[in-house]
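Structural description and commentary
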Amino acid sequence: MVQKKMSTHGAVNIPVQMRRSMGLQPKDVIELEEKDGALILRPREIRCAFCGTDEDVLKLKGKGICVSCLAKAQERKGEGNED
Ligand SMILES: [Zn+2]
C-alpha cells in the first residue's frame with residue numbers, strides 16, 4: 001500500500017513502479033470509479049508492458065502485451081524446444 005498526499009488541486013501522483021507495472025504513460029486516460037468507499041483507478045486502454053504500444057494489445061495475466069511482443073516471447077520460449 002502507498003500513501004499519497006493530494007495536491008490543492010486534487011491531483012495525486014501515481015508511483016513510477018505502479019505506472020510501469022500497469023503500462024501507464026504520460027497523457028494516458030484513466031478511469032476513476034467510486035466503489036464501496038474506495039476509488040478504483042484503471043487505464044482506459046491497456047498498453048503493451050514491453051514496448052508501450054496501444055495497438056493490438058491483449059491481456060495476459062493481468063498485463064497488456066501486444067501481438068508482436070507476444071510472438072517474440074513465444075519465439076524465445078520455443079528456442080531449443082522444437083517439436
Ligand atoms: Zn509490445
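A brief structural summary.

Rules used in this analysis
- Residues numbered from 1 in each chain as written.
- Predicted model: local features only at pLDDT ≥ 70, side-chain atom pairs only at ≥ 80, totals over all residues.
- Heavy atoms only, no water.
- Helix = DSSP H or I, 4+ residues; strand = E, 2+ residues; numbered from the N terminus.
- Rg over C-alpha atoms; globule rule 2.2 N^0.38 Å.
- Buried < 20%, exposed > 50% of the residue type's maximum accessible area, 1.4 Å probe, protein only.
- Contact = heavy atoms within 4.5 Å.
- Areas by Shrake-Rupley, 256 points an atom, 1.4 Å probe, with all protein chains shown as cover.
- Lys, Arg positive; Asp, Glu negative; His and termini not counted.
- Charge placed at Lys NZ, Arg CZ, Asp CG, Glu CD.
- Donors = N, O, S within 2.8 Å, 3.2 Å for Na, K, Ca; no water.
- Tetrahedral: all angles 85-135°; square planar, octahedral: opposite > 155°, others 65-115°.
- Salt bridge = Lys/Arg side-chain N within 4 Å of Asp/Glu carboxyl O.

**Topic: the overall build of the protein**
Secondary structure summary: the protein contains two helices and four strands in total. Tracing the protein from N to C terminus, the helices and strands come up as α-β-β-β-β-α. Against the globule reference of 12 Å for 83 residues, the protein gives a C-alpha radius of gyration of 17 Å, more extended than a compact globule. The buried share of the protein, taken over its 83 residues, is 16%. Considering only intrachain contacts with a sequence separation of at least 6, the fraction spanning at least 24 residues in the protein is 6%. When the accessible area of the protein is evaluated, it comes to approximately 7,400 Å², of which 50% is carbon and sulfur surface. Here the protein contributes 15 positively and 13 negatively charged side chains, and the mean placements of these two sets differ by 9 Å.

**Some thoughts on the coordination of the zinc ion**
With distances of 2.3 Å, the protein atoms coordinating the zinc ion are Cys48 (SG), Cys51 (SG), Cys66 (SG) and Cys69 (SG). The site at the zinc ion holds four donor atoms, and with the angles between them running 106 to 114 degrees, its shape is tetrahedral. Ordering the donors of the zinc ion by residue number gives the pattern C-x2-C-x14-C-x2-C. Cys51 gets classed as partly exposed once you look at its relative accessible area, which sits at 46%.

**Details of the pattern of salt bridges**
Tallying each qualifying case throughout the model produces three salt bridges. Residue Asp28 pairs with Arg47 through a salt bridge whose shortest N-O separation is 2.8 Å. On the criterion of sequence distance, the pair formed by Asp28 in the loop between helix 1 (16-22) and strand 1 (30-35) and Arg47 in the loop between strand 2 (38-43) and strand 3 (57-60) is long-range, its members being 19 residues apart. Residue Arg42 pairs with Glu31 through a salt bridge whose shortest N-O separation is 3.6 Å. Of this pair, Arg42 sits in strand 2 while Glu31 sits in strand 1, placing them eleven residues apart in sequence. Judged by relative accessible area, Glu31 falls into the partly exposed class, the value being 34%.

The quantities given are spatial measurements derived from coordinates; they are silent on function.
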